[in-house]
Structures are given as C-alpha cells and as structure tokens.
Amino acid sequence: MGVVTRSQAKRGCRSHQSDGEEPPPRGGRGAGGADLISLLPDEILGSIISLLPTEQGARTQILSSRWRHLWRSAPLNLEDGVRRINEAVVSRILAEHQGIARRFSVSPFIIDNDSDKLDRWLRSPILDKLQELNFSFYAITWPSPPMPHSALRFSSLRVAEFGSCEFPDDAAHQVHFPNLQHLALGSVTISEDSLRAMLAGCPALEKFVFSYMDDREYLPEPLPPSALHLSSTLRYAEFACCQFPKPMACQVNFPNLQQLVLETVTISEGSLHAMLSGCPALYNLLLGFSSGFLQFRINSLKLKHVEMYFHRSDADRLQELIIENAPCLERLDYRGPYGDVINISIISAPKLKILGRLTDNISRLKLGTTVFKGLHDARMATVMRTVTVLALRLDNLRLDVIFNFMKCFPCMEKLYIKTHIARKNTQRYYSQDRFECLDHHLKKLWIGYYSGERPHVAFAKFFVLNASVLESLVLNVHPRKGISGRWVKNQRRQLQIEKKASIGAQIDFTCDDGFSYLCDI
C-alpha cells in the first residue's frame, strides 16, 4: 500500500469533482476535519471494503456517491454469517458483482443439501480466481450429498474447508491446488485412493484438519492411512473423532510440523510415541479427550507447550505422565476429571514456566528429586526457579500444601486455585519460615468457588497480610451464591484489608464460572 500525500489527495479530489461527482464529505457529525479516507485511491478503498463482512461491505454504498460504486467492484468476501443473507441474495450478488471474489463461504442453512444449487453458484465467473472456499451440508444427512465437481476447479485456492459431503472419486486425480495452504475435511466421505490423490495435488499445504462427526454411541471411524502422508511443508495438523491404526502412526514423518492437535482420538501408546518421534520440530501439542494409552513419555527437543484434558468416561485414559527430556518445555497443562488419580513425573524440563492444573487426587507428583505423595506429603529436595505460574484444584484449601509449593517454586508470580469445599478450619499450621515467593514474587492470587466461610477467609487473609508485592487478589464466588454489597463489605472486614502487606493490592470479588487461567495469562 503506497503513501498518499496531502497534495496527491487534493489532486485526486479535484479529478473526482471534474468527472461530475460531488466532492467527498468533509468530516462526520460534529467533526472538524476533512474526510481523508475518501481521498484514497479506489484500489485501496476496495481492499478495505473487502475486509468487512458481506453486509457491512454492502452498506458502505450509502456513505456518499464517492463510495457508491466501490463495493460492487471491490474484491468480494461472500459469507452467509448474517441473517439477511439468503439463497436469493447470494444468487443476486454473484450475478451483479463486477469485481472478483476472494472468499465464498456458505452454511448448510443456505445450501439446504442441494448440490445442484451449490454447483450453479460455484460455476459463477466472478469465482474464477477464488482464494478461500468453505461449505458444508447438514451433518445428520445419510448418505452425505455429493460434492459438486465445480468445487475442485479453483487452482487459485489458498484455503479450502469441506464438510459433510461425498467426494467425487472420478475427479480425484484431476485435483491440482498448487497454492493451497489450508485444507479441512470434516465428515467427508472419501476413498483411500481419492484422499491420496487429493493430498498429492497440494504440494504447498501448511495446515491440515481431518475429522469425523463425534458420535460416542459408536466406535470412532478408522483414519485413512493416506491422511498421514502429507507434504513436508506441513506446519499444523489436527485429527479428531477417529481411530489410528497401530502400524500406520509409526510411519509418520512430519519434519516441519509445529502444532499437533489430537481431539477425541483412539491411539495406542506405541503409536502416540512414534508419532511424536516423527515430528522433530513440534512445539505445541494438544491432546484432548483421547484414549488408548495408559502411559505417555515426552522426549522432545523443541516442544514448548503441552495441553491435555480427559473425560471421566475414558476408561483407558492416561495413568502416568512422564516428562523425561523436554529442554524447551515452558507450559504443561493437564486437566483430568474430578477424582482422577495419576502419577506425574517431571524429570527434566529446565525452562518450565507454567504448570497446571494439579489436583490433590494425584497419586504421586515428582518434580526432579522432590516427591509429593498426593499434594500433602512432600519430601523437598528440588527447587524450580523457572516456574512462575501454578494452577491447582483442591478439595480443601490448606496452607501447608501451598507452603510446599512456594518452597519448590520460590519465583512463583501467579497462583490459581479452584476449590469446592469449605470444611472445618484447617489453617492451624502457619509456617514461621520466610518465603521468597511471598516477599518478592507473588503478584496475583485467584481463588475459585470462594465461599466466604471461615476456612476460606482464613486462607485468603494469610496472603492479604503476608504477600508483600501482591497486586491482585481475586475471590471468585460460585454464581449460584451471588454477591451483595453488604456481603462484600463484611468479607473485606474479615480479611482485614486495612492491614494488607502490599499497599497496592487490589481485592476483587467476582462470579465468573467460565474462568480459565490459561486465558488469563
């Protein structure tokens, strides 16, 4: 985009006026300056309009006569994400628009499982240089409607997302997407030969998403072997609601893959380890609601972020997590179901910064040579100064548990605790030791499902009176309990806010049931 000087803008303004058009509007309602954006060249204004949603882009025609012709000739991004876009509107736009189209995205509500209708739209000449194509039929339809052959005619595509349709096998070997970078196939019925041919026609692919419909009443669909024979340019891969055949994952070779998502998949322990070994550049791993493996060992030289979460119903879910050698690992987030019993060992992760969400149901936690039997019985031997964020889920707030972690993580800056039960006062154990964490580092404490009862008040008050550099204490109350001004005033009195150790500490009471510590940091 070039730079437009004032003199050039004025000359452009005069040229527009000489063509019989009224001068561009000056200022808005109550504004005192010229409308400089209207002085930009048509190409730049057209690019700006093309970034707007379809309905808002069309509305720019009412701004002034200067803008009236721009939308009809601007690069088109046609999406049916607004209520006023229907079948007739889509057909009219494709018939009357004078510019080229960049993006065409329609939902099942507009297509209505009519492949012929979609085919007519996709054959429109303004789509000849299409860069992004996204369509899906209704997922509950069986058999799936056929994908129109016209969906495969765009060699200019950079993004293609197809959902709940049947791929035309007779056209697979004609697929040629030399510029395609992002391909998503959601519940697409496609043969092994067709998928192999299609992926072979995508030499520049960087992001690949393959998923089936999540139906827990049936066994997951087997993953086609060719789904793992992808271009070496691949950077992001996501597989969902499928089953990995055992021998297949051992053949994985993604030399440049950086992010891997396995969501609701069934995969054996050996296949999972082999798959990670075939991704030497991997730095982000998400493993959600998956099963088939009881032990998971992480040996990865570049892995930075690991996130895992599991269902209570996953009978063969993870029982032992071992971080054996992860020199670049910075974030480890494990979320098991309530009552989950697991062994976690972090043997070597010298750059670990974020650790969560540990529960007091953990059978054994090993951090270097420090061993926690549960979270209450600890033999302290290792200090991990790199950890600055810790997330816990505790049935019962206990200061002795927190003291152990403050000794193990003396540089901890943010502590997130979600609790449920306010039992009898268990806060009799107050350490006489000074903690580096309390004196110099702890800046934020978040307590979820804070009840306001005596054990919770005593726990929170300890940090109010002893955390010297605390900046924020958030006491998140269960939404069903509610917060009144009188209740908050009484809580602040019990917490002895006037005696807080950190003058700048902000104490807030919230009712946010959807809070996530990962989003907060």
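Analysis parameters
Numbering of residues begins from 1 in every chain and follows the order in which that chain's sequence is written. Only residues with pLDDT of 70 or above have their local features reported here, since the model is predicted, and side-chain atom pairs are shown and tallied only from 80 upward, although totals for entire chains, interfaces and linings are computed over all residues. By convention in this description, side-chain values take in all heavy atoms of the structure and omit both hydrogens and water. Helix and strand labels come from DSSP, where a helix needs a run of H or I of at least four residues and a strand needs a run of E of at least two; each type is numbered from the N terminus. Burial classification: accessible surface area is computed with a 1.4 Å probe over protein chains only, and a residue below 20% of its type maximum counts as buried, one above 50% as exposed, and the rest as partly exposed. Accessible areas in this description were obtained via Shrake-Rupley with a 1.4 Å probe; residue shielding takes into account the shown protein chains only. Whenever Lys or Arg places a side-chain nitrogen within 4 Å of a carboxyl oxygen from Asp or Glu, that contact is recorded as a salt bridge. Using a grid of 1 Å spacing that covers the protein atoms alone, one calls a set of points a cavity when a 1.4 Å probe fits there but cannot get out, and a pocket when the set is open and has protein on both sides within 12 Å along at least five of seven lines; lining residues are those with an atom within 4 Å of a point. Grid points are joined across faces, edges and corners, and a volume is the space filled by probe spheres set on the points. Note on residue classes: Ala, Val, Leu, Ile, Met, Phe, Trp, Tyr, Cys and Pro are nonpolar, Asp, Glu, Lys and Arg are charged, and everything else, Gly too, is polar. Joining through side-chain atoms within 4.5 Å is the link that ties buried Ala, Val, Leu, Ile, Met, Phe, Trp, Tyr and Cys residues into a set, and such a set is a nonpolar core. Contacts between residues were defined by any pair of non-hydrogen atoms, one from each residue, lying within 4.5 Å. Note: two strands are recorded as paired if DSSP finds a minimum of 2 bridges between them. Any cysteine sulfur atom paired with another within 2.5 Å is treated as part of a disulfide. The pairing test for Phe, Tyr and Trp rings, Trp by its six-membered ring, is centres within 6.5 Å, and the orientation test on the planes gives stacked under 30 degrees, edge-to-face over 60, and tilted for anything in between.

By the naming in an unreviewed UniProt entry, the protein is F-box domain-containing protein, taken from Urochloa decumbens.

J.: Would you mind showing me how to read the overall build of the protein here?
T.: Each helix and strand in the protein was counted, giving 16 helices and 25 strands. Within the protein, the proportion of its 521 residues that are buried is 51%. Total accessible area computed for the protein in this model is approximately 25000 Å², and 49% of it derives from carbon and sulfur atoms.

J.: Would you take a moment to explain the pattern of salt bridges for this structure?
T.: Where charged atoms from two side chains of opposite charge approach closely, those side chains can pair. Counted according to the given criterion, the structure contains 15 salt bridges. The salt bridge involving Arg196 is made with Glu192; its shortest N-O contact spans 3.0 Å. Taken as a pair, Arg196 and Glu192 lie in helix α9 (residues 192–200) at a separation of four residues, close to a single helical turn. Of the residues examined, Arg196 reaches a relative accessible area of 45% and is grouped as partly exposed.

J.: Where do I start with empty space enclosed by the protein in this structure?
T.: This model, assessed by the stated rule, comprises two cavities of 30 Å³ or more. Every residue along the wall of the second largest cavity is listed here: Tyr334, Gly336, Asp340, Ile342, Arg357, Thr359 and Ile362. By residue class, the composition of the lining of the second largest cavity is three nonpolar, two polar and two charged.

J.: Even after reading the chapter, I still don't get the nonpolar core, so can you show me in this structure?
T.: Looking at soluble globular proteins, one finds that nonpolar side chains tend to be buried together. Counting residues in each nonpolar core, the largest one holds 140 residues, and the members touching the most others are Phe104, Phe135, Phe162, Phe208 and Phe239. Ranked by residue count, the leading element in this core is helix α12 (residues 399–408), at seven residues. Sequence-distant contacts of Phe239, defined by excluding residues within four places in its chain, comprise Phe208, Phe210, Leu223, Ala227, Leu228, Phe244, Leu260, Val261, Leu262, Glu263, Val265 and Met275. Judged by nonpolar contacts, the second largest core, of eight residues, contains Ile354, Val389, Ala391 and Trp446.

J.: Explanation requested: the pairing of strand β8 (residues 236–240) in the structure shown.
T.: Two faces belong to every sheet, and in a regular strand the side chains alternate between them. Among the five residues of β8, four are classified as buried, and the element is accordingly described as predominantly covered. Here strand β6 (residues 207–211) runs beside β8; their pairing, made up of five bridges, is parallel. Counted as the bridge partner of Phe208 is Ala237 from β8. Inspection of the sheet shows β8 paired to strand β10 (residues 259–263) by five bridges, in the parallel sense.

J.: Would you mind going over the state of the cysteines with me for this structure?
T.: Disulfides are covalent bonds that connect the sulfur atoms of two cysteines. Taken as a whole, this structure holds zero disulfides when the rule is applied. Here Cys242 is not disulfide-linked; the sulfur of Cys241 is the nearest cysteine sulfur, at 7.5 Å. Residue class for Cys242 comes out buried when judged on its relative accessible area of 0%.

J.: How do you make sense of the packing of aromatic side chains when you look at a structure like this?
T.: The geometry of an aromatic ring pair comes down to the distance between the two centres and the angle between the two planes. This model, assessed by the stated rule, comprises 22 aromatic pairs. Ring centres 6.4 Å apart and planes at 65° place the aromatic pair Phe293 and Phe310 in the edge-to-face group. Here the residue Phe293 occupies a position in the loop between β11 (284–288) and β12 (295–299), and Phe310 occupies one in the loop between β13 (305–309) and β14 (320–325), the gap between them amounting to 17 residues. Here Phe293 and Phe310 have matching classes, each one buried. Geometrically, the ring pair formed by Phe310 and Tyr334 is tilted, given 5.7 Å between the ring centres and 40° between the ring planes. With Phe310 in the loop between β13 and β14 and Tyr334 in strand β15 (residues 331–335), this pair connects stretches of sequence that are 24 residues apart. Comparing Phe310 with Tyr334 shows no difference in burial state: the two are buried. These aromatic residues form a ring-pair network of at least three members: Phe208, Phe210, Tyr212, Phe239 and Phe244.

J.: Even after reading the chapter, I still don't get the environment of Ser124, so can you show me in this structure?
T.: Counting through the fold element by element, Ser124 comes out in the loop between α8 (115–122) and β3 (132–136). Those residues in contact with Ser124 that lie beyond four places of it in its chain are Leu94 and Arg153.

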